[in-house]
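Fold and contact review
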Amino acid sequence: MNNAIGLLESPEAIWEKLKIGATCPHRQRRSDPGHPEHCNIFTMHQAFSKLDEIALVDHHCRTAGFGCIDCKKILYKSMIEELAPIQARAREMNEKAGYIQEILQSGAAKCKVIAWEVMEEVRARLGIRSDQIKAEV
Ligand code: SF4
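Brief notes about the environment of H35
Considering the arrangement of structural elements, one finds H35 in the loop between α1 (11-20) and α2 (40-48). A C-alpha to C-alpha distance of 26 Å links H35 and E81, two positions 46 residues apart in sequence. Each residue touching H35, except ones within four places of it in the same chain, is listed here: C24, H26 and C61.

Dropping the structure here:
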């Protein structure tokens, strides 16, 4: 999929997509001022960049203070900073065989106990004895 960036994509793949990403149509030339509110790259800045960087991008876009590639380089740096710990955690989980399975099984066992307790309360209010119900906990 070329119109989306996956959270686990490599830095190289992310940069390749950012490089060709559409920008504000008003910025045909480097000297043309832009409208960041019309630009997907700016929307991504709002998700990944720090507030001072977003303000800087907004200003330089509107004043043609820098080009779109400069802007994309800032976004790339912000994205890599944000995604690095997520990617490291994903790698860690992939390396531990059965880890997610264990977590799911443990969660399911806890849910089963809670569900049984809730149903016991429901049965008590309805006047149904639990020894009439076959269930495993
Ligand atoms: S400078 Fe940044 S926000 Fe402005 S049009 Fe270019 S990529 Fe978009």
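Some points on the packing of helix α3 (residues 51-62) against helix α4 (residues 68-95)
Put simply, α3 and α4 touch, their axes get as near as 11 Å, and they point 165° apart. On the basis of their axis angle, the class for α3 and α4 is roughly antiparallel. For the crossing formed where α3 meets α4, the hand is left-handed. Residues E53, L56 and V57 of α3 pack against C71, I74, K77 and S78 of α4.

Let's talk about the side chain of D32
With respect to the secondary-structure elements, D32 resides in the loop between α1 and α2. Those residues within four positions of D32 in sequence are excluded, and the remaining contacts are H26, R27 and A64.

Cut-off values and rules
- Residues numbered from 1 in each chain as written.
- Predicted model: local features only at pLDDT ≥ 70, side-chain atom pairs only at ≥ 80, totals over all residues.
- Heavy atoms only, no water.
- Helix = DSSP H or I, 4+ residues; strand = E, 2+ residues; numbered from the N terminus.
- Contact = heavy atoms within 4.5 Å.
- Axes fitted to C-alpha atoms, helices over the stretch in contact; angles between N-to-C directions.
- Parallel < 35°, antiparallel > 145°, perpendicular 65-115°, else oblique.
- Left-handed = near helix turned anticlockwise from the far one by under 90°.

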